[in-house]
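Structural overview
Here is what each chain is made of, one letter per residue.
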Amino acid sequence: MNRTNDRFEGKATGTAFVDRAKGLRGRILNATLPQRFVFHHVPKCGGTSVGRAFRKRYLLSQATISPEASFRAYQAFTGRRDREQMLVDVLDLREQMLLYHLYSDTRCVSAHVAFSDIAYSGFSDSYKFVTILREPVSRFLSHFNWSHARDGAHARIEEDFDTFLETERAKRMGATYVEYFAGRPPLSDIATPKAIAKAICNLNKFDVVGRLDDMARFERNILDKLGFRVRIGHENRASAPRSGIQRSNLTTAQLQMVQDLCAPDIAIYEAAP
């Protein structure tokens, strides 16, 4: 009988200790990391460096949602092999992961995730929303170079440049800002004025919208809006491809085609705050 009581008392003591530890952690987070925020990491906009700097600053409460791991998880769970469509459908899983972290009160979420109306309506009172943009043609070419024939990558591009420009994937890539900020409209609507306007409207809800070509201003805005200093390095510079398609090497026809593909993102970039 005494042994049974001892076990119960031990469990109660252990539970009380865990509760006290959780309470202490919460007080420490409130004192040191009071500002919660989501960093929407758009591919090839310098977000790897930005996200890593944020997570280092928020080591006690941070999370990331990476494209490779989320795609592999989605693939394993669904058993699907239709890769091109899965690149679109996996965005639902990433939004769910974002909501999980927000409901878990993760203070810094740095994620390859589209803007979520659900997340914004539920958490905009307590979370700030941050992103960074890059000139769309440069972003498009960087995205192609990074993904082209990248062995083992979930989103590899196997076609040569000219062939790729004729694909549906190229249309999506030229409208990446639409996909990330307009609620993921179907491909048939991705270049419509309505989708572009919605993306611009949603970007206006963000607390900080940076530009890759003005990182000093971005860092100042982070200090002003989020209340902390951050130094952003160049995490992907050493591992980025050293060769590939460059704007200076494009023919007039190729450049025009890329600009046409990027027209939705160009309109958003020029109108974004």
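All of the points below concern the structure found in this document. (Residues numbered from 1 in each chain as written. Predicted model: local features only at pLDDT ≥ 70, side-chain atom pairs only at ≥ 80, totals over all residues. Heavy atoms only, no water.)

**Digging into the overall build of the chain**
In terms of helices and strands, the chain carries 13 helices and five strands. Taking all 273 residues of the chain together, the buried fraction comes to 44%. Restricting to contacts in the chain with at least 6 residues of sequence separation, those with at least 24 account for 72%. A total of about 14,500 Å² of accessible surface is found on the chain, and carbon and sulfur atoms cover 52% of it. (Helix = DSSP H or I, 4+ residues; strand = E, 2+ residues; numbered from the N terminus. Buried < 20%, exposed > 50% of the residue type's maximum accessible area, 1.4 Å probe, protein only. Contact = heavy atoms within 4.5 Å. Areas by Shrake-Rupley, 256 points an atom, 1.4 Å probe, with all protein chains shown as cover.)

**Looking at the nonpolar core**
With 52 residues, the main nonpolar core has Phe54, Phe181, Phe218 and Ile222 as its most contacted residues. Leave out the neighbours within four places in its chain, and Phe218 touches Val50, Phe54, Val130, Thr131, Ile132, Val208, Gly210 and Ile232. Counting 14 residues, the second-largest nonpolar core is a separate cluster that includes Leu141, Phe144, Phe164 and Leu250. (Core = buried A, V, L, I, M, F, W, Y, C linked by side-chain atoms within 4.5 Å.)

**Quick notes on the sheet that holds strand E4 (residues 127-133)**
An order of E2-E3-E1-E4-E5 is seen for the five strands of this open sheet, with the pairing classed as parallel. In this open sheet, the two edge strands, each paired with only one partner strand, are strand E2 (62-65) and strand E5 (208-211). Looking at each pair of strands side by side, their axes are set apart by 15° on average, direction ignored. Lying over the sheet, helix H4 (residues 83-103) contacts strand E1 (36-40), E2, strand E3 (108-111) and E4, oriented at roughly 175° with respect to E2. (Pairing = 2+ DSSP bridges. Axes fitted to C-alpha atoms, helices over the stretch in contact; angles between N-to-C directions.)

The values are spatial; any link to function lies outside them.
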